[in-house]
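Close look at the chain arrangement
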Amino acid sequence: MTESITEITHWIDGAATAGQATDTAEVYNPATGQVTGSVPLGSPDDVDAAVASARAAFAEWREASLSQRSSIMFKFRELLDANREELARAISSEHGKVFADALGEVQRGIEVVEYACGVPSLLKGEITPDVSSAVDAYSMRQPLGVVAGITPFNFPVMVPMWMFPMAIACGNTFVLKPSEKDPSGSLILARLLAEAGLPDGVFNVVQGDAVAVNALLDHPDVAAVSFVGSTPIARAIHQRASANGKRVQALGGAKNHMIVLPDADVDQAADAAVSAGYGSAGERCMAISVVVPVGDVGDRLVPAITERINALAIGPGLSEEPMDMGALVTEAHRERVSSYVDLGVGEGADLVVDGRGLEIDGYPDGFWLGPCLFDRVTTGMKIYEDEIFGPVLSIVRADTYDDALEVVNGNPYGNGTAIFTNDGGAARAFQRDVTAGMVGVNVPIPVPMAYHSFGGWKDSLFGDTHIYGPEGVAFYTAYKAITVRWPDPHERGVDLGFPLAT
Ligand code: NAD
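Residues numbered from 1 in each chain as written. Predicted model: local features only at pLDDT ≥ 70, side-chain atom pairs only at ≥ 80, totals over all residues. Heavy atoms only, no water.

Topic: the overall build of the protein
Each helix and strand counted, the protein has 16 helices and 23 strands in total. Taking 23 Å as the expected radius of gyration for a compact globule of 502 residues, we find that the protein reaches 25 Å, a close match to that expectation. Overall, the protein is about 85 × 60 × 40 Å in size when its C-alpha atoms are taken along their principal axes. The buried share of the protein, reckoned over its 502 residues, is 57%. Of all intrachain contacts in the protein linking residues separated by at least 6 positions in sequence, the fraction that spans at least 24 positions is 73%. Carbon and sulfur atoms provide 51% of the accessible area of the protein, an area that totals close to 20,600 Å². (Helix = DSSP H or I, 4+ residues; strand = E, 2+ residues; numbered from the N terminus. Rg over C-alpha atoms; globule rule 2.2 N^0.38 Å. Buried < 20%, exposed > 50% of the residue type's maximum accessible area, 1.4 Å probe, protein only. Contact = heavy atoms within 4.5 Å. Areas by Shrake-Rupley, 256 points an atom, 1.4 Å probe, with all protein chains shown as cover.)

Brief notes about the pattern of salt bridges
With the rule as written, the count across this model stands at 25 salt bridges. Between Asp 271 and Arg 308 there is a salt bridge, with the nearest N and O atoms lying 2.5 Å from each other. Residue Asp 271 is located in helix H10 (residues 266-278), and its partner Arg 308 is located in helix H11 (residues 297-310); the two are separated by 37 residues in the primary sequence. Relative accessible area serves as the criterion here: at 39%, Asp 271 is assigned to the partly exposed category. Relative accessible area serves as the criterion here: at 19%, Arg 308 is assigned to the buried category. Between Arg 356 and Asp 342 there is a salt bridge; the shortest N-O distance is 2.5 Å. Of the two residues, Arg 356 is situated in the loop between strand E15 (350-353) and strand E16 (372-375) and Asp 342 in helix H12 (residues 331-347); the sequence distance between them amounts to 14 residues. Taken together, the shared-partner salt bridges in this structure form one network comprising Arg 77, Glu 78, Asp 81, Arg 84 and Glu 114. (Salt bridge = Lys/Arg side-chain N within 4 Å of Asp/Glu carboxyl O.)

With respect to the nonpolar core
The biggest cluster of nonpolar side chains holds 69 residues, and the ones touching the most others in it are Phe 76, Trp 162, Phe 174 and Phe 203. Of the residues forming this core, the biggest block, 10 residues, is contributed by helix H6 (residues 158-169). Inspection of this core shows a minimum of three residues originating in each of domain 1 (6-252 + 460-481) and domain 2 (256-441). Formed by 65 residues, the second largest nonpolar core is a distinct cluster that contains Ile 288, Ile 305, Val 396 and Ala 429. (Core = buried A, V, L, I, M, F, W, Y, C linked by side-chain atoms within 4.5 Å. Domains from an automatic or database assignment.)

Describing unusual backbone geometry
Trans peptide bonds make up most of the peptide bonds, and negative phi angles are found at most residues other than glycine. With a phi close to 60°, Asp 13 is a non-glycine residue in the positive phi region. Within the secondary structure, Asp 13 is located in the loop between strand E2 (10-12) and strand E3 (15-17). For Lys 458, which is not glycine, the phi torsion reads 50° and is therefore positive. Mapped onto the elements of the fold, Lys 458 is located in strand E21 (residues 457-458).

Focus: the layout of surface pockets
Of the voids in this model, the largest pocket is the one considered here, and its volume is about 890 Å³. Taken together, 42 residues form the lining of the largest pocket, with Pro 152, Lys 181, Gly 229, Ser 230 and Ile 233 sitting closest to its centre. Here the element with the most residues in the lining of the largest pocket is helix H9 (residues 231-243); it accounts for 6 residues. In terms of residue class, the lining of the largest pocket is made up of 22 nonpolar, 11 polar and 9 charged. For the lining of the largest pocket, the domains that each give at least three residues are domain 1 (6-252 + 460-481) and domain 2 (256-441). In this structure, the second largest pocket is lined by 20 residues; those nearest its centre are Ser 132, Arg 485, Asp 495, Leu 500 and Thr 502. By residue number, the principal contributor to the lining of the second largest pocket is strand E23 (residues 477-485), which donates 3 residues. Tallied by class, the residues present in the lining of the second largest pocket amount to 10 nonpolar, 5 polar and 5 charged. (1 Å grid on protein atoms, 1.4 Å probe; cavity = no way out; pocket = protein on both sides within 12 Å on 5 of 7 lines; lining within 4 Å. Points joined across faces, edges and corners; volume = space filled by probe spheres on them. Nonpolar A, V, L, I, M, F, W, Y, C, P; charged D, E, K, R; others polar.)

Some details on the state of the cysteines
Scanning the model with the defined rule gives 0 disulfides in all. As a non-bridged cysteine, Cys 170 has Cys 117 as the owner of its nearest cysteine sulfur, 13 Å distant. (Disulfide = S-S within 2.5 Å.)

Section: empty space enclosed by the protein
Counting across every chain of the model gives 6 cavities of 30 Å³ or more. Within this model, the largest cavity holds a volume of roughly 130 Å³. Gly 282, Ala 287, Ser 289, Phe 389 and Gly 390 are the residues nearest the centre of the largest cavity, which is lined by 17 residues in total. Residue assignment for the lining of the largest cavity shows that the elements contributing at least two residues are strand E14 (288-293) and strand E17 (392-395). Across the lining of the largest cavity, the residue classes break down as 8 nonpolar, 6 polar and 3 charged. Taken as a whole, the second largest cavity encloses approximately 60 Å³ of empty space. Contributing to the lining of the second largest cavity are Trp 11, Gly 14, Ala 190, Leu 193, Ala 194, Leu 198, Pro 199, Asp 200, Gly 201, Val 202 and Phe 203. Residue contributions to the lining of the second largest cavity peak at 3 residues, all from helix H7 (residues 184-195). Here the lining of the second largest cavity is built from residues that sort into 8 nonpolar, 2 polar and 1 charged.

On their own, these measurements won't tell you what the molecule is for.
Laid out in structure tokens, this is it:
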């Protein structure tokens, strides 16, 4: 099967452009294993052009009234709604996830745009009249200028939408550097923003790899950087951009645990573990990768999970017959994940379900790996310590709730976590004591809604601010406090004392 190759572009100053760079990377359809696109790897000159366009556009965009900004966001939201399927097809054909899951990704991005439509309320300041005689005090939040977003392969549409709708609605201009593995969604978003009436230069896309990223991090006209990706890169981005004086939020990788207490409904817990472990082939930063059954519940849970894994439909994300799980993003990633399965066997974990060697009829070259389940994993094993980011679920058995909590809190990552129980007291203690940024009680993937904020703790986030929601508004704006006195012609005189309310 041969597919035609699409020449992917940047989007700078309101138009698609091939840019200056001569280096390119191949983009694959993971289900067929064929090259379907060629993406330019942006050079520092391409970054300069995008930042210059964003800088020039900022002068006018920061002056756009709040109703102009929210009206563009409303139009953009309508266009996203009308083009959901085109976006989901682009995601599925470059990422490999199944169509229904790609539609879900688009929906979660739309929700952030809906929140950004309310920017007039979100940017309201506070006023305190009469802080002193004839003196009033108030606060406002102002945009930062040009801000950059650097995003991972696993949510090529949703993660950019965690960033730019908030940034733009707050009056900033934006340069996006999407993942080079699945870049097409970014260009659909750029086109829809232009159709919604966003002025040229307010949203730009520079395709590329570390070269483009580093040019953004070092660019003197970039005021802030939002990053989402793996922990080593997040840590490095945070250090480099901070050293350059920029505001940074860098969200990293994860190892998300799900504790199952002995009183939990085992069928519901097994449904949740399989959905959250193998959805999107485990390529989600909020995927459950470790289940921690407490006491003897593991003896019932492991067979229930195994039964559900064996019923999963695996195949091309865009096949007519709906599938549960698609291919992995690249051949290299498939090999990496598969090598962790070999490693787990070598480390002595009990491989209950082995997805290696999976073949799908009609798709001999796809990047397939079936679901894998390890029982009796211990915290010293590499398959426990490392983020595998594939369809590999580990069971770490614990004797007591306290032992289970110690496992979760001892892990260096702290993105999401969940507890399955019918014991309200245990659930309440867990919410308070667990060291993770997003907690689910009988909810396996507790991704916050757009009006809360998303972010982990520990090695899952570098910086102070979570992404989107109220913290997103704070990240993309600078706080200013103003004190005003309208002079009373009768009050005069020099006073060198420190200003005090009188
Ligand atoms: P990645 O870290 O390899 O890449 C992320 C971005 O950084 C891409 O745009 C990439 O081009 C760029 N990049 C890669 N290497 C770089 C380098 N050396 N210097 C500068 N930039 C570089 O991540 P990925 O493989 O695309 O995505 C998967 C990872 O993202 C997983 O670790 C997953 O947990 C994480 N993730 C985290 C969240 C979250 O909210 N915490 C959400 C989604 C994904």
